[in-house]
Amino acid sequence: MKNFRQQLDDLKGKDRYRSLNLPSGIDFTSNDYLGLRAHPELRRAAIAALEGGLDIGAGGSRLLRGHTESHAALEEFAARYFGVEAALFFASGFQANAAIFGTLPGRDDTVIFDALIHASARDGIQASNATHARVPHNDLDAYEDALKNAKGQRWIAVESVYSMDGDRAPLKELYALAQKYDAYLIVDEAHGTGVFGDSGKGVSEGLPHENLITLHTCGKALGVAGGLVCAPRDIINYMVNRARPFIYSTAPMPLQAVLVKRALELVQEEPQRRQALHKLMHYASSMDFLDGLFGDHFSPILPVILGDDGVAVDIAKSLQQKGFDIRAIRPPTVPENTARLRISLSVNITEQNLRDLNAHLLPYLRKKAA
Ligand SMILES: Cc1ncc(COP(=O)(O)O)c(C=O)c1O
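Residues numbered from 1 in each chain as written. Predicted model: local features only at pLDDT ≥ 70, side-chain atom pairs only at ≥ 80, totals over all residues. Heavy atoms only, no water.

Participant: Requested: an account of the packing of aromatic side chains, with residues and values cited.
Facilitator: A ring pair, where both rings are aromatic, is described by two values, the distance of the centres and the angle of the planes. Tallying each qualifying case throughout the model produces 5 aromatic pairs. Ring plane angle 50° and centroid distance 6.1 Å describe the contact between F28 and F324, whose orientation is recorded as tilted. Of this pair, F28 sits in the loop between β1 (26-27) and α2 (40-51) while F324 sits in strand β10 (residues 324-325); the two residues are 296 residues apart in sequence, bridging distant segments of the chain. By the burial criterion, F28 is buried, and F324 matches it. With centroids separated by 4.7 Å and ring planes inclined at 20°, the aromatic side chains of W155 and Y184 adopt a geometry described as stacked. On the criterion of sequence distance, the pair formed by W155 in strand β5 (residues 154-159) and Y184 in strand β6 (residues 184-188) is long-range, its members being 29 residues apart. Residue classification places W155 among the buried positions, given a relative accessible area of 5%. Y184 gets classed as partly exposed once you look at its relative accessible area, which sits at 22%. (Phe/Tyr/Trp six-rings, centres within 6.5 Å; stacked < 30°, edge-to-face > 60°. Helix = DSSP H or I, 4+ residues; strand = E, 2+ residues; numbered from the N terminus. Buried < 20%, exposed > 50% of the residue type's maximum accessible area, 1.4 Å probe, protein only.)

Participant: Talk me through helix α7 (residues 171-180); I want residue IDs and the actual numbers.
Facilitator: Residues of α7 that are buried include every one of L171, L174, Y175, L177 and A178, and no others. For α7, the angular spread of the buried residues around the axis is 160°, confining them to a single face. In α7, those exposed residues whose orientation departs by more than 90 degrees from the buried face are K172 and K180. The inward-facing, buried residues of α7 abut α6 (140-149), β5, β6 and β7 (212-217). (Arc of directions from axis to C-beta. Contact = heavy atoms within 4.5 Å.)

Participant: I'd like a rundown of unusual backbone geometry, residues and numbers included.
Facilitator: With omega at 10°, the peptide bond leading from P331 into P332 counts as cis. Even without glycine at this site, D15 takes up a positive phi of about 60°. Along the chain, D15 turns up in the loop between α1 (4-13) and β1. The class for D15 is partly exposed, based on a relative accessible area of 33%. Its identity is not glycine, yet D182 carries a phi of approximately 55°, on the positive side. One can find D182 in the loop between α7 and β6.

Participant: Just give me the short version of the site of the ligand, but keep the residues and values in it.
Facilitator: Neighbouring the ligand are 14 residues, the closest being G93, F94, D188, H191 and K220. Here an oxygen atom of the ligand sits 2.8 Å away from a polar atom, N or O, in the main chain of G93. When isolated, the ligand has an accessible area of 390 Å², and the protein chains bury 80% of it. Considered class by class, the residues forming the shell around the ligand number 2 nonpolar, 9 polar and 3 charged. (Near = heavy atom within 4 Å. Polar contact = N/O pair within 3.5 Å; in protein donor to acceptor, adjacent residues only side chain to side chain. Areas by Shrake-Rupley, 256 points an atom, 1.4 Å probe, with all protein chains shown as cover. Nonpolar A, V, L, I, M, F, W, Y, C, P; charged D, E, K, R; others polar.)

Here's what the structure looks like:
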């Protein structure tokens with residue numbers, strides 16, 4: 001029999017054991033960047049929808065009876081909202097990435113992906129029959145070399161804002177490369193949606209759409225759950241016909257679709273949330289300990305890279321005891337020797353919270369630097 005206990009003990013010995021902990025303390029961890037998760041308007045929308053007779057479950061796959069007016073209304077709205085031909089809604093961003101990469105690139109194609117791309121895209125790429133090429137993080141020359149050497153249809157896979165590092169992909173340059181080599185550019189906007197772009201539509205807002213596929217996850221700044229794939233209509237129709245995670249799964253709850261649509265409207269109606277977040281990001285960038293963290297990027301995700309897993313766990317624990325909800329992120333979520341604290345900024349925290357965190361974190365970082 002496989003000895004799971006032994007494997008868990010090994011993880012403990014390496015400071016890599018994970019357990020589930022309820023939220024406690026000031027939220028420096030969630031991806032609820034705009035504070036929509038607890039927005040009274042979303043609660044009201046949920047209550048109104050249910051009192052209006054909305055069914056709880058979809059009752060089946062989208063291709064069977066699980067396709068409801070709520071799903072259709074969301075996808076139509078999202079296509080207009082993001083200025084694309086069509087959109088397809090999934091229960092989660094993870095499922096959407098599995099569908100994109102498991103379905104679109106074929107056996108004769110090549111997927112060129114960034115070394116820091118999210119596990120959900122990696123799993124999708126792994127499951128596909130296409131050849132794949134991993135390129136060093138944000139290295140445009142390496143992208144171009146890989147494109148030159150690739151065979152078949154080329155697909156470039158990046159994140160607009162990298163989930164554990166907070167830096168951004170050079171999207172304009174990547175889009176130009178995609179055009180030059182007749183490739184599709186797939187942009188995971190998980191941490192860009194609601195946060196960046198002139199009207200909060202993501203870092204890719206304003207890029208032309210012919211060879212662009214974007215994924216807007218709905219459980220982060222949008223405060224709900226799900227994933228919206230935006231693409232040319234033929235691609236969406238192809239996914240409806242071929243994407244196994246779409247076809248062989250019960251449709252998301254109709255309520256989820258109703259709430260995601262309302263959340264998109266709220267991003268439009270309340271730009272002051274995005275402005276408050278950006279103000280906080282500016283404030284944080286002026287602080288001692290965060291100085292070095294921003295580097296040449298600017299985002300609500302601030303990694304404090306400590307290297308050693310045990311050190312990251314110990315510092316996270318001390319900060320938690322002082323009332324800050326900050327978690328240690330360790331391999332394999334991040335590369336070896338880059339264990340870190342992932343500090344996430346959202347409108348749920350104040351400038352005073354940041355000053356307090358600064359006061360507590362600074363001594364650890366000075367000790368490490370000494
Ligand atoms: C970059 C990125 N893509 C996709 C996902 C998966 O999205 P979801 O949480 O909606 O499943 C995440 C979530 O952590 C993410 O950070």
